[in-house]
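Tertiary structure, described
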Amino acid sequence: MKLYVKIALGFVVFVALAGILGALYLFNLKHSDMAKAKPDFIVTATVLQKAFEDNETAASKLYINKILEVSGKIASVKPAENKFISISLVTGNDLSSVICTCPAISDPSMLSAGEEITLRGECSGFLMDVLLNNCALIQNKKK
Amino acid sequence: MKRLSLLIFLLAIAITVNAQKFMTKNGFIGFFSHTAMEDIKGDNNQVAAVLDISTGDMVFQALIKSFHFDRALMEEHFNENYMESDKFPKSTFKGKITNLSSVNFSKNGTYDVTVEGDLMIHDVTNKISTKGTLEVAPEGINANAKFNIIPEDFKIIIPGVVREKINKNLEVTVIMKYAPLAGK
């Protein structure tokens, strides 16, 4: 076999392998780690909820699919299915909060209502509350 | 003006509602597809749901973007290619328990129920009927159901290459833990 054929064959095999590995990598890619992700917006729960209450269309355009770092006071912590934890934050409206769903926090018992907390997650939109997914706990201060 | 109408709305709820309505904001709806090639699971822990025990009315609301998958790419395909969640962000169910008289809400226990209603996904509404259970518990009411849906019934187009990886029938699981809605 001529040298250039060998080189060409080697190249083809290399590209194919790289392609397969790349596809496998993309296919198995997990969600970005919110604890390390750079936030697109840093807001308080009150400001975020009010933005959706005042103008849902504008707020949706601005915030949905973005990474938000939200701080506020914990209204409640509830366990959800599959070991998820649902944390709702106090806002200016008693009936509408910011609900942050976290894929398992090592020790949820350390979180309690009234504490100031900062979470980072992806904004899914607004139902009765502003919903954040895939949240990570960034900071919680005991009062 | 918006605030005023919201206030009136809330007052109206406060007047009409007493211990009749139960609610949750972190209900669970998940779907599961099994094929020889792959298991696919999407979970949503942010379902808002109201149950009226005086009429048997049930309402569920969920954001499509709240469905969570293990793999990021799957979630992206689900949202962008199949559900078109930017165009159709919400899914709702409005229905009724048809055998309400067989549930004794003053006695703790688990009761079999049948629920019928309109399920809207991808802006297409279909009638569904399913069996489930209601558990009357000291802290509230727990509702459980499992049923199957066919994506094509909701005009969700799955291309041929991928079709073999997704079961024709998706199994939907509903788990709600309702708490009494306090009249404010």
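Looking at the overall build of chain A
A tally of helices and strands in chain A yields three helices and six strands. Listed by position from the N terminus, the elements making up chain A come as α-β-α-α-β-β-β-β-β. What you see for chain A is a C-alpha radius of gyration of 22 Å, clearly larger than the 15 Å of a compact globule of 143 residues, by over 25%. Taken along the three principal axes of its C-alpha coordinates, chain A extends 80 × 35 × 25 Å. Within chain A, the proportion of its 143 residues that are buried is 33%. Relative to all contacts within chain A whose residues are 6 or more apart in sequence, the contacts with residues 24 or more apart total 62%.

Description of the overall build of chain B
What chain B contains, in helices and strands, is three helices and eight strands. Walking chain B from its N terminus toward its C terminus, one meets helices and strands in the order α-β-β-β-α-β-β-β-β-α-β. Taking all 184 residues of chain B together, 27% fall into the buried category. In chain B, of all internal contacts separated by at least 6 residues, the share reaching a separation of at least 24 is 58%.

Observations regarding the interface of chain A and chain B
Of the residues lining the interface, 24 residues belong to chain A; the matching set on chain B comes to 18 residues. Listing elements by their share of the side of chain A that touches chain B, those giving two or more residues are α1 (3–28), β4 (96–102), β5 (116–126) and β6 (130–141) of chain A. Looking at the side of chain A that touches chain B residue by residue, the class counts come to 11 nonpolar, nine polar and four charged.

Focus: the domain arrangement of chain A
When the domains of chain A are assigned, the result is domain 1 (1–30) and domain 2 (41–141). Summarising the inter-unit geometry, the C-alpha centres of domain 1 of chain A and domain 2 of chain A are found 44 Å apart.

A few points about the sheet that holds strand β8 (residues 170–180) of chain B
Residues and elements named next belong to chain B. Read around the barrel, eight strands follow the order β1-β2-β3-β4-β5-β6-β7-β8 and close on themselves; strand pairing throughout is antiparallel. Between one strand axis and the next, the sheet turns through 25° on average, direction left out of account. The sheet contact formed by strand β7 (residues 140–149) and β8 spans nine bridges and is antiparallel. Bridge pairing in β8 places I149 opposite L170.

With respect to unusual backbone geometry
Negative phi characterises most residues that are not glycine, and trans characterises most peptide bonds. Phi at A:N82 takes a positive value of approximately 55°, unusual for a residue other than glycine. Its location among the elements puts A:N82 in the loop between β2 (67–79) and β3 (85–93). The residue B:H122 is not glycine, and still its phi comes out positive at about 60°. One can find B:H122 in the loop between β5 (109–121) and β6 (124–137). On the basis of neighbour count, B:H122 is assigned to the partly exposed category, with 19 C-beta atoms found within 10 Å.

A look at the nonpolar core
Residues and elements named next belong to chain A. V70, I87, V98, C100 and L132 are the most contacted members of the largest nonpolar core, which has 59 residues in total. The greatest single-element share of this core, amounting to five residues, is contributed by β6. Among all residues touching V70, those that are not within four sequence positions of it are V43, A45, L48, L89, V98, C100, L119 and L132.

Some words on α1(A)
Here α1(A) is 26 residues long and its end C-alpha atoms lie 37 Å apart, about the 38 Å a rise of 1.5 Å per residue gives. Summarising burial for α1(A): zero of the 26 residues are buried, a small minority.

Re helix α2 (residues 45–54) of chain A
Every buried residue of α2(A) is listed here: A:A45, A:L48, A:Q49 and A:F52. Down the axis of α2(A), the buried set is contained in an arc of 95°. They therefore lie on one face.

Side note on the pairing of strand β3 (residues 57–63) of chain B
Residue and element names in this part refer to chain B. Sheet topology note: the strand β2 (residues 39–52)/β3 ladder contains five bridges and is antiparallel. Residue pairing for β3: V50 is matched across the bridge by V59. As judged from the seven bridges shared by β3 and strand β4 (residues 90–97), these two strands associate in the antiparallel manner. If you follow M58 over to β4, its bridge partner there is G95.

Points about the environment of A:K30
Of note, A:K30 is situated in the loop between α1 and β1 (41–44). Taking the C-alpha atoms as reference points, A:K30 and A:I105, 75 residues apart in sequence, are found 17 Å from one another. The contacts of A:K30, once residues within four sequence positions are left out, are B:R71 and B:A72.

Analysis parameters
- Residues numbered from 1 in each chain as written.
- Chains lettered and ligands numbered in written order.
- Predicted model: local features only at pLDDT ≥ 70, side-chain atom pairs only at ≥ 80, totals over all residues.
- Helix = DSSP H or I, 4+ residues; strand = E, 2+ residues; numbered from the N terminus.
- Rg over C-alpha atoms; globule rule 2.2 N^0.38 Å.
- Buried ≥ 20, exposed ≤ 12 C-beta atoms within 10 Å, placed from the backbone.
- Contact = placed C-beta atoms within 7 Å.
- Nonpolar A, V, L, I, M, F, W, Y, C, P; charged D, E, K, R; others polar.
- Domains from an automatic or database assignment.
- Pairing = 2+ DSSP bridges.
- Axes fitted to C-alpha atoms, helices over the stretch in contact; angles between N-to-C directions.
- Core = buried A, V, L, I, M, F, W, Y, C linked by C-beta atoms within 7 Å.
- Expected span 1.5 Å × (residues − 1).
- Arc of directions from axis to C-beta.

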